[in-house]
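# A structural walkthrough
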Amino acid sequence: MTEEFLIPAEEVEFEEEIKHSRFISFVFHCDSEQKLKLVLTRVKQHYPGASHYCYAFVADDPSNLVAIGSSDDGEPAGSAGRPMLACLQGANIGEIGAVVVRYFGGTKLGVGGLVRAYSSGIKKVIPELKTQLKTRRYPVKLTCDYAQLNDVEYVITQCEGVIIDKQFAESVTVEFELAKAWQQKFNALLATQTQGALQVKFTA
């Protein structure tokens, strides 16, 4: 599992005409199949009545072979979704999705022509795509006294953690996410701030 990888920082749209058919390609950040379906629904609303809405996505790091998917949406099997997915996987960018809309122009392209046409826009967009580095963070839970909360929050911030939730009862339970690379530093800093009173046992 890759701990750091590039992800799209924007959504890009590209349109071209290939043998009288209109192809509109969208490349965007996609961290789940649900996100892909939301974008697909929006694209269908913006571009109604198209012949096909084909898609592909890699919803985790670039090397993940499980959180992936594609659809030919009625085009000949293997002529749209899979070539699109191959383009995304070859880009070495994670959490990335693509939708290609086709308005049929009357000229059949054949399977080879379709493979090239559905890949074309994605291949042109990816080199220009703005990306950002994602660091994988893991969930952590820590219980402390009210008097220790400021110190705990300070340590989380210093270690680039993200606080998800705080629950207040007799003591405070802080739920946060932290990158693996910061775990050792986190416990060292936490021990310093709390005079050794607190420490986290990491499982990730």
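Please refer to the structure placed before this passage.
What counts and what doesn't
Residues numbered from 1 in each chain as written. Predicted model: local features only at pLDDT ≥ 70, side-chain atom pairs only at ≥ 80, totals over all residues. Heavy atoms only, no water. Pairing = 2+ DSSP bridges. Helix = DSSP H or I, 4+ residues; strand = E, 2+ residues; numbered from the N terminus. Axes fitted to C-alpha atoms, helices over the stretch in contact; angles between N-to-C directions. Contact = heavy atoms within 4.5 Å. Buried < 20%, exposed > 50% of the residue type's maximum accessible area, 1.4 Å probe, protein only. Polar contact = N/O pair within 3.5 Å; in protein donor to acceptor, adjacent residues only side chain to side chain. Disulfide = S-S within 2.5 Å. Phe/Tyr/Trp six-rings, centres within 6.5 Å; stacked < 30°, edge-to-face > 60°. Core = buried A, V, L, I, M, F, W, Y, C linked by side-chain atoms within 4.5 Å. Salt bridge = Lys/Arg side-chain N within 4 Å of Asp/Glu carboxyl O.

Bringing the sheet that holds strand 8 (residues 137-144) into the picture now. The strands making up a sheet associate through hydrogen bonds between their backbones, and the pairing can be parallel or antiparallel. As summarised here, the arrangement of the three strands in space is 8-10-9, forming an open sheet in which the pairing is antiparallel. Two strands lie at the open edges of the sheet, namely strand 8 and strand 9 (162-168), each paired on one side alone. The mean angle between the axes of side-by-side strands here comes to 20°, regardless of whether they run parallel or antiparallel. Here strand 8 pairs with strand 10 (residues 172-179) via eight bridges, running antiparallel. In the strand pairing of strand 10, tyrosine 138 is matched with leucine 178. Contacting strand 8, strand 9 and strand 10, helix 4 (residues 149-158) crosses the sheet at an angle of about 165° to strand 9.

A word on the environment of arginine 22. Structurally, arginine 22 is set in strand 3 (residues 21-29). Judged by its relative accessible area of 33%, arginine 22 falls in the partly exposed class. It is 5.6 Å that separates the C-alpha atoms of arginine 22 and arginine 102, two residues lying 80 residues apart in sequence. Within polar-contact distance, the side chain of arginine 22 engages the side chain of glutamate 15 at 2.6 Å.

A few words on the state of the cysteines. Within this structure, the stated rule accounts for zero disulfides. For the unlinked cysteine cysteine 30, the closest cysteine sulfur is that of cysteine 54, found at 16 Å. A relative accessible area of 0% places cysteine 30 in the buried class. Distance from the sulfur of cysteine 87, which forms no disulfide, to the nearest cysteine sulfur (cysteine 54) is 13 Å.

Here the focus is the packing of aromatic side chains. If you walk through the whole model with that rule in mind, you get five aromatic pairs. An aromatic cluster is built from Phe176, Phe186 and Phe202, whose rings are joined through pairwise contacts.

This part covers the sheet that holds strand 3. In space, the five strands of this open sheet follow the order 2-3-6-4-5, with antiparallel pairing throughout. At either margin of the open sheet sits one strand with a lone partner, and together these are strand 2 (12-18) and strand 5 (68-71). Across the sheet, the mean angle separating the axes of adjacent strands is 15° when strand polarity is ignored. Sheet analysis places strand 3 next to strand 6 (residues 96-103), joined by eight bridges and oriented antiparallel. In the strand pairing of strand 6, phenylalanine 23 is matched with arginine 102. Relative to the sheet, helix 2 (residues 81-90) contacts strand 4 (52-58), strand 5 and strand 6, its axis offset from that of strand 4 by approximately 35°. Where helix 3 (residues 110-125) meets the sheet, its contacts fall on strand 2, strand 3, strand 4 and strand 6, and the angle it forms with strand 2 comes to roughly 145°.

Turning to the nonpolar core, a few remarks are in order. The tendency in soluble globular proteins is for nonpolar side chains to be buried as a group. Membership of the largest hydrophobic core comes to 23 residues, with the highest contact counts inside it found for Val27, Met84, Leu88, Ile96, Tyr118 and Ile122. Secondary-structure elements contributing two or more residues to this core are strand 3, strand 4, helix 2, strand 6 and helix 3. Among the elements that make up this core, the one with the highest residue count is helix 3 (five residues). Sequence-distant contacts of isoleucine 122, that is, excluding residues within four places in its chain, are made with Ser25, Val27, Met84, Cys87, Leu88, Ala98 and Val100.

Let us now look at the pattern of salt bridges. When the charged atoms of two side chains with opposite charge come close together, those side chains can pair. Considering all chains together, one arrives at eleven salt bridges under this definition. As a salt-bridge pair, arginine 42 and glutamate 11 come within 2.5 Å of each other at their nearest N and O atoms. Remark: glutamate 11 occurs in the loop between strand 1 (4-8) and strand 2 and arginine 42 occurs in helix 1 (residues 33-46); sequence separation between them is 31 residues. For glutamate 11, a relative accessible area of 37% corresponds to the partly exposed category. Residues lysine 37 and glutamate 33 are paired through a salt bridge, measuring 3.8 Å at the closest nitrogen-oxygen approach. With lysine 37 and glutamate 33 both in helix 1, this residue pair falls four residues apart, about one helical turn. Each of Asp60, Asp61 and Arg136 takes part in salt bridges that share partners, so that together they form one network.

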